[in-house]
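Tertiary structure, described
Here's the letter readout for the chains.
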Amino acid sequence: MTVNNLNTGTQTAIRRNKRLLKNHESLTSLFQLAADVFVAATFLFLLTWVKLESFPPAYRVLTVIAAFSLWFIYSSRGVYRQSSSCLRGCIRLSGAWGILMLLLLLIGFVTKTSEVFSREILLIWAFAVLVFQNISFCLVSYLSKKYKEGIGHHLPVMIIGTGSVAQHLVESLNKNRWLPDKVIGCVKSLDKDQTTTVGNVNVLGGLENIRELIKEHDVRRIYIALPMKASEQIEGVNIDLLDENVDVIWAPDIFALNLLNHSVREVAGVPLISLNESPLTSSKASMVLKDVMDRTIAAVALCMLAPLMVWVAYKVKRSSPGPVFFKQDRHGWDGKVIQVWKFRSMKLHDEANGEVQQATKEDPRITDIGRFIRRTSIDELPQLINVLQGSMSLVGPRPHAVAHNNYYSDKINAYLARHRIKPGMTGLAQINGYRGETETIDKMERRVEYDLSYINNWSLFLDVKILIKTPISLFSKEIY
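So, here is what we can say about the structure in this document. (Residues numbered from 1 in each chain as written. Predicted model: local features only at pLDDT ≥ 70, side-chain atom pairs only at ≥ 80, totals over all residues. Heavy atoms only, no water.)

**So, the overall build of the protein chain**
Where we set the bar: Here a strand is any run of E in DSSP of at least two residues, a helix any run of H or I of at least four, and the numbering for each starts at the N terminus. Think of it in three bands: residues with accessible area under 20% of the maximum for their type are buried, residues over 50% are exposed, and the middle band is partly exposed, with areas taken using a 1.4 Å probe on protein chains only. For the accessible areas, the method is Shrake-Rupley and the probe is 1.4 Å, while residue cover comes only from the protein chains on display.
Helix and strand counts for the protein chain come out as 16 helices and twelve strands. Sorting the 480 residues of the protein chain into buried and exposed places 42% on the buried side. Total accessible area on the protein chain is roughly 27,200 Å²; 61% of this is exposed by carbon and sulfur atoms.

Structure (structure tokens):
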């Protein structure tokens, strides 16, 4: 075996054993997170001791739950995201603390332990911790900014590429007060690219004179922001710059693809980019919380709405011959066929050629009580049973009839991606006016766009927001 072959084999073995995805968490953000957990626990202890002159077991359990929940919620929501301004950081922090308070209220309601705690203690604790956390966040932000301005040093950075990712990097790196990176210019990857500026940064030249540009501007770090189709060019640039003593960082432009809840992880050091991962499999903890919230609210709603549902059932039975409930086959999570419950709003009839015809204005098939319950969406209330069964969620893409899915699947891009999450009784599309009949392809496309946006930006807070807005949206459009 030659020396070159030996070196190549050794380098390959080293590369395979070396982790390609490294944890670059900021020590400052970790310190802030740990400090806020400590402050929340300490405030609760002190307030309880002052009020009760003891620290009962119930408050100890509350302290542990609050501490772990705070750590999880703040981490998942990126409260201490380093590129944030002080105002945005405070807004994000306040929102995360609000979610934590709602979670604790929900736990207290489900376990019937809310009466055990002093409302005075909890109210003062919630307000005091929120104020202290915001003050602490602003103080750390101010000190870090002064450090960077006074003591910190700028690191000259150059970006290869002039596309959307390059523009985003220019803006983000120059605004990020935590990083020393200062973009001094961009380099064109193709001769036909006539771009002269990217954001507020000039394009310095092309790849053919990149070595001269590195020496001229004393560049210490280079970001490669080229499209995926330029993979060969990326490899050549990396090899060409190995002897230039600069850090080379690749920022792959995967966002030109139609992504769905994308994420990055690794297996044995190999980076894996999930382009259409289901939220139900990517974050088990979050989906467990969603499932608990769904079933709890559904159970409470069924109990509260029981008198109304009994009255509607009586009126439906009297309106025309047939069953009270109507069960329709629809596609659910991962495309599995589920039976969705509804109050029957139409007279019994046969669909022509097995096709499902959407209801229209003055549709003769709709009964008098059916017209009322469809317009108010009361006919959807039995789907609370589907939520309790676990086949549906309170919030998610509305389940369409199987026939509709077969019709639209080859007419709308990524239409079937809606099935990567549980269908819901209401959703982002519904509160934005896309409920009821979709007479045109354009309207269905808009509904699908909202559904995919919901999947990509899912959070418990978004679910609560949609649930609150749903009753208002019932009056925004006439439903047939």
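Moving on from the coordinates now.
**Structural notes on a nonpolar patch on the surface**
The test is simple: Exposure above 30% relative accessible area and the absence of a salt bridge qualify a residue for a patch, where like charges join within 9 Å and nonpolar side chains (Val, Leu, Ile, Met, Phe, Trp, Tyr) within 5 Å. The term salt bridge refers to a side-chain nitrogen of Lys or Arg lying within 4 Å of a carboxyl oxygen of Asp or Glu.
On the surface, Phe45, Leu46 and Trp49 cluster together into a nonpolar patch covering about 310 Å² of accessible area. Here Trp49 falls in the partly exposed class, since its relative accessible area comes to 46%.

**Looking at the pattern of salt bridges**
Within this structure, the stated rule accounts for 13 salt bridges. As a salt-bridge pair, Arg221 and Asp247 come within 3.5 Å of each other at their nearest N and O atoms. In this pair, Arg221 is assigned in strand E5 (residues 221-224) and Asp247 in strand E6 (residues 247-250), connecting sequence segments 26 residues apart. For Asp247, a relative accessible area of 40% gives the class partly exposed. With its nearest N and O atoms 2.7 Å apart, the salt bridge here joins Arg418 to Asp451. Of this pair, Arg418 sits in the loop between helix H13 (402-408) and strand E12 (424-426) while Asp451 sits in helix H15 (residues 441-456), and the two are 33 residues apart along the sequence. Summarising the burial analysis for this pair, Arg418 and Asp451 share the class buried.

**Some remarks on the packing of aromatic side chains**
Note on aromatic pairs: each is described by the distance of the centres and the angle between the planes. The test is simple: For Phe, Tyr and Trp, rings pair up if their centres lie within 6.5 Å, where Trp contributes its six-membered ring, and each pair is then called stacked (planes under 30 degrees apart), edge-to-face (over 60) or tilted (otherwise).
Evaluation of the coordinates by the stated rule reveals seven aromatic pairs. With centroids separated by 5.0 Å and ring planes inclined at 75°, the aromatic side chains of Phe45 and Phe55 adopt a geometry described as edge-to-face. One end of the pair, Phe45, is in helix H2 (residues 27-52); the other, Phe55, is in the loop between H2 and helix H3 (57-76), with ten residues separating them in the sequence. The exposure class of Phe45 is partly exposed, given its relative accessible area of 34%. You can call Phe55 buried: its relative accessible area is 16%. Summarising the aromatic geometry, the rings of Trp97 and Trp125 are spaced 5.4 Å apart at their centres and angled 70° between planes, so their arrangement reads as edge-to-face. Here Trp125 lies in helix H5 (residues 119-150) and Trp97 lies in helix H4 (residues 86-111), a separation of 28 residues in the sequence. The exposure class assigned to Trp97 is buried, which follows from its relative accessible area of 2%.

**Focus on the side chain of Asp294**
Selection criterion: Neither His nor the chain ends is counted toward charge; the positive residues are Lys and Arg and the negative residues Asp and Glu. Here a residue-residue contact requires only that any non-hydrogen atoms of the pair lie within 4.5 Å.
Position of Asp294 among the secondary structure elements: in helix H10 (residues 284-319). Although Asp294 is buried, it forms no salt bridge, and the closest oppositely charged side chain is Lys290 at an N-O distance of 4.2 Å. Those residues within four positions of Asp294 in sequence are excluded, and the remaining contacts are Val387, Ser393 and Leu394.

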